[in-house]
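Close look at the chain arrangement
Here are the chains, one letter per residue:
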Amino acid sequence: MVLIVGLGNPDKKYEKTRHNIGFQVIDKMAEKYHIDVKDKKFKGLVGTGMIDGVKVMLLKPTTYMNRSGESVIEALNFYKLDPQLQMVVVYDDITLAPGNIRVRKKGSAGGHNGIKNIIAHTGTQNFMRVRVGVGEKPQGWDLADYVMGVLDGEDKERVEEAKLDAIEAVSLMIHDEIDKAMNDYNVKKY
């Protein structure tokens, strides 16, 4: 089984924000592969199913972003999964332009508090991830205000495409084709 985690915040008011891109990708993935993500377990919402022959668990931590690791570690421990081999995390990234994604085998938190907390709880930064670009905050803006804002116009359209790219990349990653995912999707579109 592979644990696929989308990062976000649980309240309705955050649903469409930049910071909830991870949740949004999980929702689209759940829809595409007919997986109900509604069971309350592991301090999150989960659903299990199959993606092209691979058993997966989709997880949306409901601990709020900065404590995502609490949910992730519970799921990993319960199923005795190795985060380095059996976990993919999807989340927003302000260093990428809207519409671009970046697939990685491992890496630092890069200032992302959700990833920082997952690294703290799992004891490793060696896990697969897909970063979905939401664009840099405008000069003079508070970072929290920016990531809690809603995409609109062309940026929104581009991020909708990026969510679909993220789903395709994850599908490759869970089939041990991370190098192909990186080659196919780590391309600057915008």
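Now for a description of the structure that goes with this document.

What follows is about the side chain of His 112. Of note, His 112 is situated in the loop between strand S6 (101-104) and helix H4 (113-122). Among the residues examined, His 112 registers a relative accessible area of 9% and is labelled buried. With residues near it in sequence (within four places) discarded, His 112 still touches Leu 7, His 19, Met 65, Tyr 91 and Asp 92.

Judged by nonpolar contacts, the single largest core of 36 residues is most densely connected at Ile 4, Val 103, Val 130 and Val 132. Ranked by the residues each element gives to this core, the list is headed by helix H6 (residues 153-173), at eight residues. Not counting the four nearest positions on each side in its chain, Val 103 is found in contact with Arg 129, Val 130, Ala 169, Met 173, Ile 178, Ala 181, Met 182, Tyr 185 and Asn 186. Counting 21 residues, the second largest nonpolar core, distinct from the first, contains Leu 7, Tyr 91, Ile 115 and Ile 119.

All right, on to the environment of Val 54 then. Inspection of the secondary structure puts Val 54 in strand S4 (residues 54-61). The class of Val 54 is buried, set by a relative accessible area of 16%. Each C-alpha atom, one on Val 54 and one on Ile 119, is 25 Å from the other, the two residues being 65 residues apart in sequence.

The strands making up a sheet associate through hydrogen bonds between their backbones, and the pairing can be parallel or antiparallel. Pairing is mixed in the open sheet, where seven strands are placed in the order S2-S3-S4-S1-S5-S7-S6. Here the strands that pair on one side only, and so sit at the sheet edges, are strand S2 (39-41) and S6. Ignoring strand direction, the axes of neighbouring strands in this sheet form an average angle of 25°. Across the sheet, helix H2 (residues 68-79) touches strand S1 (2-6), S2, strand S3 (44-51), S4 and strand S5 (87-93), and the angle it forms with S4 is around 150°. Across the sheet, H6 is in contact with S1, S3, S5, S6 and strand S7 (128-133); its angle to S7 comes to roughly 170°.

This paragraph deals with the pattern of salt bridges. Counted by the stated rule, this structure contains 15 salt bridges. Lys 43 is the partner of Glu 74 in a salt bridge, and the nearest nitrogen-oxygen pair spans 3.7 Å. Taken together, the residues span a long stretch of sequence, with Glu 74 in helix H2 and Lys 43 in the loop between S2 and S3 at a distance of 31 residues. Residue Glu 74 is classed as partly exposed on the basis of its relative accessible area, which comes to 32%. Residue Lys 43 is classed as partly exposed on the basis of its relative accessible area, which comes to 40%. For Arg 67, the salt bridge is made with Glu 70, and the minimal N-O distance between the two is 2.9 Å. The exposure class of Glu 70 is buried, given its relative accessible area of 17%. Linked by salt bridges that have partners in common, Lys 43, Arg 67, Glu 70 and Glu 74 make up one network.

What counts, and at which threshold
- Residues numbered from 1 in each chain as written.
- Predicted model: local features only at pLDDT ≥ 70, side-chain atom pairs only at ≥ 80, totals over all residues.
- Heavy atoms only, no water.
- Helix = DSSP H or I, 4+ residues; strand = E, 2+ residues; numbered from the N terminus.
- Buried < 20%, exposed > 50% of the residue type's maximum accessible area, 1.4 Å probe, protein only.
- Contact = heavy atoms within 4.5 Å.
- Core = buried A, V, L, I, M, F, W, Y, C linked by side-chain atoms within 4.5 Å.
- Pairing = 2+ DSSP bridges.
- Axes fitted to C-alpha atoms, helices over the stretch in contact; angles between N-to-C directions.
- Salt bridge = Lys/Arg side-chain N within 4 Å of Asp/Glu carboxyl O.

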